Amino acid sequence: MPISSGVGGEGMNLEEYLEEIWRLCYKFMEQFPGHDMDHVRRVYENCLLILERETGDPWVVLPAAILHDIARGKENHAIESGKMAEKLLKEIKYPEDKIPRIVRAIESHSFSGNRRPLDRESKILWDADNLDAIGAVGIARAFLYSGANGRGIRETIEHFKEKLLRLKDMMYTETGKEIAKRRHEFMLNFLRELESEL
């Protein structure tokens, strides 16, 4: 199904709504090392890739991808991002029946949160977001974050063990599992080489 199919309550198609949502995201989202607009764009592209191969409602998945980190930096950022997204989507008169599902997807996307995705669209966002935390980009993001927060190489390796190496087995979609397997192997090879050099 093309992402522009169907119209919302204001007679706008999805692409028109998404343009407005991107504009709002640029306006309100703060930039953090590894959690910036580049990250958001990659998560969005991951969502598009999964939606091309598997079923899911783009009217839910794509706004959730754009807004999932809009409150990054706040405590319980997933919950706060959900609240902020709900407010912004209501302001632009996004279809009312989609908003609770978007909020649910955003609230359950965080690895460190105590919620896990239960519906299809939430699972797609979870996979898309966590795919960006592994592989070559995941390695780059981990060290970018470490450099900005005074974390050394050994501490960063521990982060790989505590979180990043676990993500492969936490994917929900078939596409996510397939991509995660490749990226996981790349990380293992990198870590083996890093350990040997250290």
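Structure: see above.
Position labels on residues start from 1 in each chain and follow its written sequence. Only residues with pLDDT of 70 or above have their local features reported here, since the model is predicted, and side-chain atom pairs are shown and tallied only from 80 upward, although totals for entire chains, interfaces and linings are computed over all residues. Each side-chain value is worked out from all heavy atoms of the structure, with water and hydrogens disregarded.

Moving on to the overall build of the chain. Put simply, DSSP H or I for four residues or longer makes a helix, DSSP E for two residues or longer makes a strand, and each gets a number counted from the N terminus. Helix and strand counts for the chain stand at 9 helices and 0 strands. Listed by position from the N terminus, the elements making up the chain come as α-α-α-α-α-α-α-α-α. The globule rule is 2.2 Å times the number of residues to the power 0.38, and the radius of gyration it is compared with is taken over C-alpha atoms. The C-alpha atoms of the chain give 17 Å as radius of gyration, which agrees with the globular expectation for 198 residues (16 Å, within 12%). Each principal axis of the C-alpha atoms in the chain carries an extent, and together these give about 60 × 35 × 25 Å. Burial here depends on accessible area, computed with a 1.4 Å probe over protein chains only, as a share of the maximum for the residue type. Under 20% is buried, over 50% is exposed, and the range in between is partly exposed. Evaluated residue by residue, the chain yields a buried proportion of 50% over its 198 residues.

Counting 39 residues, the largest nonpolar core has Leu62, Leu67 and Tyr94 as the members making the most contacts within it. Put simply, the parts of the chain that give this core at least two residues each are α1 (14-28), α2 (37-53), α3 (58-67), α4 (77-91), α5 (99-107) and α6 (120-131). Take the buried residues of types Ala, Val, Leu, Ile, Met, Phe, Trp, Tyr and Cys, join any two whose side-chain atoms come within 4.5 Å, and each joined set is a nonpolar core. Among the nonpolar cores identified, the runner-up in size contains 18 residues, and Trp126, Ala142, Leu167 and Met187 belong to it.

Here, a salt bridge means any side-chain nitrogen of Lys or Arg that lies within 4 Å of a carboxyl oxygen of Asp or Glu. Summed over the entire model, instances satisfying the criterion amount to 19 salt bridges. Between lysine 87 and glutamate 91 there is a salt bridge, with its nearest N and O atoms 2.9 Å apart. Here lysine 87 pairs with glutamate 91, and both are found in helix α4, just 4 residues apart, close to one helical turn. Judged by its relative accessible area of 52%, lysine 87 is exposed. The salt bridge partner of arginine 141 is aspartate 132, with a shortest N-O separation of 3.3 Å.

This brings us to helix α8 (residues 153-162). Along α8, the positions that sit buried rather than exposed are Thr156, Ile157, His159 and Phe160. Summarising the axial view, the buried residues of α8 lie within an arc of 150°, below the 170-degree limit, and thus occupy one face. Tucked into the core, α8 has its buried residues touching α7 (135-148) and α9 (174-197). The directions considered for the arc are those from the helix axis to the C-beta atoms. Whether two residues touch is decided by their heavy atoms; if any such pair falls within 4.5 Å, the residues are in contact.

Aromatic rings from Phe, Tyr and Trp, with only the six-membered ring used for Trp, were paired whenever their centres fell within 6.5 Å, and each pair was classed as stacked if the ring planes differed by under 30 degrees, edge-to-face if by over 60, and tilted otherwise. If you walk through the whole model with that rule in mind, you get 8 aromatic pairs. A ring pair is formed by tryptophan 22 and tyrosine 26, whose centres lie 6.3 Å apart and whose planes are at 40°; its orientation type is tilted. Of this pair, tryptophan 22 and tyrosine 26 both sit in helix α1, 4 residues apart, which is roughly one turn of that helix. Put simply, the rings of Tyr17, Trp59 and Tyr94 touch in pairs and so form one group of aromatic residues.

A few words now on the state of the cysteines. Note on terminology: disulfide denotes any pair of cysteine sulfur atoms within 2.5 Å. By the definition in use, this model includes 0 disulfides. Considering cysteine sulfurs only, cysteine 47 is the nearest to cysteine 25, which forms no disulfide, with 13 Å between them. Owing to a relative accessible area of 0%, cysteine 25 belongs among the buried residues under this scheme. For cysteine 47, a relative accessible area of 0% translates into the label buried.

Now for unusual backbone geometry. The phi dihedral of lysine 93 falls on the positive side, at around 60°, and the residue is not glycine. Examined against the element boundaries, lysine 93 turns out to sit in the loop between α4 and α5.

Each helix should span, by expectation, one fewer than its residue count multiplied by 1.5 Å. If you check α7, its first and last C-alpha atoms are 20 Å apart, about what 14 residues at 1.5 Å a residue would give, namely 20 Å. Among the residues of α7, Gly135, Gly138, Ile139, Arg141, Ala142 and Ser146 are the ones counted as buried. The buried residues of α7 occupy an angular sector of 165° when the element is viewed end-on, so they sit on one face. Where α7 is buried, its residues contact α2, α8 and α9.

Turning to the environment of histidine 159, a few remarks are in order. Within the fold, histidine 159 resides in helix α8. A sequence separation of 75 residues divides histidine 159 from methionine 84, and the C-alpha atoms of the two residues are 29 Å apart. Setting aside its immediate chain neighbours within four residues, histidine 159 contacts Ala142, Arg151 and Leu164.

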